[in-house]
Structure formats: structure tokens, C-alpha cells
Amino acid sequence: MMRTRPLKVALLGCGVVGSEVARIMTTHADDLAARIGAPVELAGVAVRRPAKVREGIDPSLVTTDATALVKRGDIDVVVEVIGGIEPARSLITAAFEHGASVVSANKALLAQDGAALHAAAEEHGRDLYYEAAVAGAIPLIRPLRESLAGDKVNRVLGIVNGTTNFILDKMDSTGAGYQEALDEATALGYAEADPTADVEGFDAAAKAAILAGIAFHTRVRLDDVHREGMTEVTAADFRSAKEMGCTIKLLAICERSADGTAVTARVHPAMIPLSHPLASVRGAYNAVFVESDAAGQLMFYGPGAGGSPTASAVLGDLVAVCRNRLNGATGPGESAYADLTVSPMGEVVTRYHISLDVADKPGVLAQVATVFAEHGVSIDTVRQQSRNPGSGDAVAIEQGGGGPREGGEASLVVVTHRAFDASLSGTVEALRKLDTVRGVASIMRVEGE
Ligand SMILES: NC(=O)c1ccc[n+]([C@@H]2O[C@H](COP(=O)([O-])OP(=O)(O)OC[C@H]3O[C@@H](n4cnc5c(N)ncnc54)[C@H](O)[C@@H]3O)[C@@H](O)[C@H]2O)c1
Ligand SMILES: N[C@@H](CCO)C(=O)O
Ligand code: NA
């Protein structure tokens, strides 16, 4: 039976995501009411620039005082789509203290202060939902928290940042420059207010922390996630990847150790085979693999960024939280009982593609191979490409076949078998000290094989 008194919603922030949340709340009001069992009313919209015209929003609802709005006392659900740490954190905390449940899209805040916010929600008997915070529209938080609650997750691997996937895809498929592709992603509403968060991997690292925490029932914070951005990926890296039958993606990888007692979480660019499903994830789309004991391998795919897709996830949470309120119940809170050790990057085991600039003279290959062996890193393949003395150009490689002329420089590409990341770092450090190694052009991990 439909309750006539509406549930009151306060919207904090009316930017790319907030404006879409308001639009869908208005256009789908009847369906939302039927699904929830009570009408939902937009009771206030906190903004920074009140003079801006906001189509479909009653100007009398607009306020610049977000604090007063969340403290009104009659608000059932606060939707936080401001982003950043403050004032979002204080506003969410105040919302719980004043009796509201919270829906947020704020991965930066949840990765940093998720534990404290969950504790505040629990203390006040309210909900904290954040499906939109990870991989936009794709249902991922709820499947991990609820659908897989009876299984044991061992690995989460995916593309969780739309902006960087858009940029890498453009660079790979059209040869576009980095800045041109970033400007387009920003114009399409994918990028964060400061795109450094996207391109330096902070956004994906925050999402990895949230996913690892839920998947492994262990607190994983942003600082626990090894992070490398994608600003140094070059056209030459894409050429190397192509020669390997691979492409390059910015991946988030959360793994349980072989003995099951520890976990790692990391974000970095990596080569993946073109035959892997993640290789064909284009534009701002995201895709995440979840591997678990009983279910095996699951793949989640869809739009990972943008106002309307993100609003879809926010609305889904809003419906769930409103239903809980009507039932006098709360949904699942934080689950960190397993309390596994979060290991550093050095304990990750994977494969590596290393490009070295070396002197083209006898014994160099053996010297390089010895350094790998001394650090316990086993070589899978080696490829050498010579450059004629005085020319920067690579020429055909015919090892021992009268090709390379001694005295010039060569580029040496080594692909390893699986090895500890710490061993690889030790290898690279030692390689840099060899006189015959002129430089380490790139180091890229190889995943998804
Ligand atoms: N855009 C996306 O694709 C996307 C996807 C998933 C999650 N998110 C997350 O959603 C949140 C919002 O992102 P967005 O893209 O809509 O950002 P946005 O910058 O377009 O919108 C944020 C809005 O909040 C307003 N704001 C800032 N401080 C405020 C304050 N004190 N009171 C009221 N309003 C204030 C800003 O003026 C702005 O209009 C962020 O946490 C972001 O990480 C965004
Ligand atoms: N800036 C983020 C938004 C979605 O969280 C992205 O590009 O994926
Ligand atoms: Na999601």
C-alpha cells in the first residue's frame, strides 16, 4: 500500500551528476513512488552558485547553506554529489546525526574515511550507500556486498576509470595526443573536477580501495593501494604492446595472496592481450572481472562515468535506502571482520615487459641476462633491435645474421616469467648501474594472460 506522506530528499551538489539525479527524480517520480511504496520529494538542493538557471528545479528549493539543509531534521535521505573530502565529510556526518540516511558518489571520501562514516551510520541506525562511487552505472558494490556474500572472492581486476580508458583508447585507435583526448573526456563530463585524480590514478586507486575492502572483508585505505598513473604511457609503448599482441589499459587489481592470508591492491598501466575481454573495452566504458571460489569468473561491464549513468546508480541506491526507511530497517554496513594483512607492492607476483637502451657490443645481452638471474627473475623472451651508429632509427634485427653493426646502440626488450615485483625493482636498479645500459625506456606489467 502506498504511503501518502512523502520521503524527503536533500540533494547536495547540482553539477554533472546532481543535475541528472534531480531530472530523473522529477521525470520518473510516479515509478519511483510505486517501487518504493511512498512518494519521494526533492526537499532542498544545496548549490554553490545559486544564480545559475537549473531547468526543472524549483528555485525556492535552492540554497547555498548545505549545513542548514542537512540539519533541518525532516530530511529522510541526503544525496551527496559534491565530491572531495570537505565539506562532504562533515555534511554526511551531520546528516546521520540528524536522522537521515546517505547516498553518495564520493569515492575519494569513502576510500579515505569509509570506516568512520560507516561507524557514524551504524551509530545512528541509518544507511550509507555508494554504488555510484565505483564504476558509475555498473552494479558492482551491491553484487559484491550482497549477491556474493556467501562466496569467497579471490581477485577483482578491471578498468574502473572512464576518463583514462577514453584517453588510452583514443591514443591507441586514432593516434590522438594525450591533451586532446583529455580535453574531450572533460567536455563529456567524465573527468573529475581536477583531472589529475583521473590521469594520475588517484580516482582508480580510491575505487580499488573500496572494492578490495568489500571483496575481502578487510579495511583497505587509499594509502594501501599502489598507484601509478598513465601520463607517461607513450606511442612507443603502444607500438611495443602491439608487437606483443597486446594493448595498454589502466587497471585496478585487488588480489588475495596464494595462502589466502593477505591481500594487495594496485593501479597501474599494464599490457593485456588483445584476446582478453578487457582489451575491447572502449571509450569511457568500465569492465570489472570478479573471481571467486564458487561462482568462478564474473564480468561486469557498462558505462563507468558521465552524468546520466552515474545518476542511475544514485537513484538505485535512493530507492533501496527509501525502502529500508519505510521498513524500519537498514541495509548491510561495513564488513571488515576478516582483517587480512594488506601487503605492499613488492609482494605482488606478475610478468613484466622491459625496454632497455643498451650499447650494441659483444657480451651486453649476457650481462643483462645475468642481472635478471641474480635477482631470481626468469626471462621468457628477449628481442633486440639495433640502431645504426649516429642514427636514432631502429633497423631490422637479425641476431648473428650480419644485421646489427657494432658500436651503435640497441634497444633490448625483455619479457619475463612471473616474478615478485620487489625482485623486478631490484633487477631494474642493478641494470641502471651497468655502463652498457644507457637507459630504461619503459617498464610495463603484463596482465590478464
Ligand atoms: N561525473 C562522473 O562521471 C562521476 C561518476 C561517478 C562518480 N562521480 C562522483 O560524483 C560526485 C560529483 O561529481 P560531478 O561530476 O557531478 O562533479 P561536478 O563538479 O560537476 O559537481 C559538483 C557540484 O557540487 C557543487 N558544490 C561544491 N561545493 C559545494 C557546497 N559546499 N555546497 C553545495 N554545492 C557544492 C559544485 O558547484 C558543483 O556544481 C563526485 O564525488 C564524483 O567523484 C562522478
Ligand atoms: N572521473 C571518473 C568518474 C567516474 O567515477 C572516471 O572518469 O571514471
Ligand atoms: Na557502480
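Residues numbered from 1 in each chain as written. Chains lettered and ligands numbered in written order. Predicted model: local features only at pLDDT ≥ 70, side-chain atom pairs only at ≥ 80, totals over all residues. Heavy atoms only, no water.

Further remarks concern the site of ligand 2. Around ligand 2, the neighbouring residues are K107, N161, G162, T163, Y190, A191, E192, D198, D203, K207, G304 and A305. In the environment of ligand 2, a nitrogen atom lies 2.8 Å from a nitrogen or oxygen atom belonging to the side chain of D198. Put simply, the parts of the chain that give the shell around ligand 2 at least two residues each are helix 7 (162-174) and helix 10 (202-216). Residues that form the shell around ligand 2 fall into these classes: 3 nonpolar, 4 polar and 5 charged. (Near = heavy atom within 4 Å. Polar contact = N/O pair within 3.5 Å; in protein donor to acceptor, adjacent residues only side chain to side chain. Helix = DSSP H or I, 4+ residues; strand = E, 2+ residues; numbered from the N terminus. Nonpolar A, V, L, I, M, F, W, Y, C, P; charged D, E, K, R; others polar.)

Another point: the coordination of the sodium ion (ligand 3). Four donors placed tetrahedrally around a metal ideally meet at 109.5 degrees, and six donors placed octahedrally ideally meet at 90 or 180 degrees. With distances of 2.4 to 2.7 Å, the protein atoms coordinating the sodium ion (ligand 3) are E131 (O), E131 (OE), V134 (O), G136 (O) and I138 (O). Going along the chain, you hit the donors of the sodium ion (ligand 3) in the pattern E-x2-V-x1-G-x1-I. We note that E131, like I138, is buried. (Donors = N, O, S within 2.8 Å, 3.2 Å for Na, K, Ca; no water. Buried < 20%, exposed > 50% of the residue type's maximum accessible area, 1.4 Å probe, protein only.)

Turning next to the pairing of strand 10 (residues 262-273). Of all 12 residues in strand 10, 12 are buried; the element is thus mostly enclosed. Neither face of strand 10 is open: one carries A262, T264, R266, H268, A270 and I272, the other V263, A265, V267, P269, M271 and P273, and all of them are buried. Here 2 bridges tie strand 8 (residues 226-227) to strand 10, and the two strands are oriented parallel to one another. Following the sheet pairing, H226 is matched in strand 10 by R266. Where strand 9 (residues 246-256) lies against strand 10, 11 bridges are found, and the strand directions are antiparallel. Bridging from a neighbouring strand, I248 pairs with M271 of strand 10. Counting the residues that bridge the hairpin from strand 9 to strand 10 gives 5 residues, and of these G260 lies at a positive phi of roughly 80°. As judged from the 2 bridges shared by strand 10 and strand 13 (residues 341-342), these two strands associate in the parallel manner. Paired with A262 across the two strands is T341, which belongs to strand 13. (Pairing = 2+ DSSP bridges.)

Bringing the site of ligand 1 into the picture now. Taken together, 21 residues surround ligand 1, and among them V16, V17, K107, E192 and G306 come closest. At 3.2 Å from a nitrogen atom of ligand 1 is found a main-chain nitrogen or oxygen belonging to G189. With respect to ligand 1, the backbone of G306 contributes an N or O atom lying 2.6 Å from an oxygen atom. Of the residues belonging to the shell around ligand 1, the class tally is 11 nonpolar, 7 polar and 3 charged.

In this section: the sheet that holds strand 2 (residues 40-46). To summarise the sheet geometry, strands pair through backbone hydrogen bonds and adopt either a parallel or an antiparallel arrangement. Sheet architecture is open: 6 strands sit in the order 3-2-1-4-5-6, paired in parallel fashion. If you trace the sheet from one side to the other, it starts and ends with strand 3 (62-63) and strand 6 (128-129), each paired once. The pairing of strand 4 (residues 77-80) with strand 5 (residues 101-104) spans 4 bridges and is classified as parallel. Across the sheet, the residue bridging to E80 is S104, located in strand 5. Running over the sheet, helix 12 (residues 307-327) touches strand 1 (7-12), strand 2, strand 4, strand 5 and strand 6 and is turned about 170° from strand 5. (Contact = heavy atoms within 4.5 Å. Axes fitted to C-alpha atoms, helices over the stretch in contact; angles between N-to-C directions.)

Moving on, we get to the domain arrangement of the chain. Assigned domains of the chain: these are domain 1 (7-136 + 308-327), domain 2 (146-303) and domain 3 (345-446). Across the boundary between the two partners, domain 1 contributes 14 residues, which contact 16 residues of domain 2. D203 is the salt-bridge partner of K107, the closest N and O atoms lying 3.2 Å from each other. Inspection of the domain 1/domain 2 interface yields 4 residue pairs in polar contact (both at pLDDT 80 or more). Here the side of domain 1 that touches domain 2 takes 6 residues from helix 5 (residues 107-123), the largest share from any one element. (Domains from an automatic or database assignment. Salt bridge = Lys/Arg side-chain N within 4 Å of Asp/Glu carboxyl O.)

As a further point, take the UniProt feature "binding site: NADP(+)" (unreviewed entry) in the chain. UniProt records the feature "binding site: NADP(+)" (unreviewed entry) at L12, G13, C14, G15, V16, V17, G18 and S19, using the numbering of this structure. Relative to the helices and strands, V16 resides in helix 1 (residues 16-27). With residues near it in sequence (within four places) discarded, V16 still touches G189, G306 and G307. Relative to the helices and strands, G18 resides in helix 1. Assessed through its relative accessible area of 0%, G18 is described here as buried. The contact partners of G18, leaving out residues within four places of it in the chain, are L11, G13 and V81. (UniProt positions renumbered as here; feature names shortened; annotations may be inferred.)

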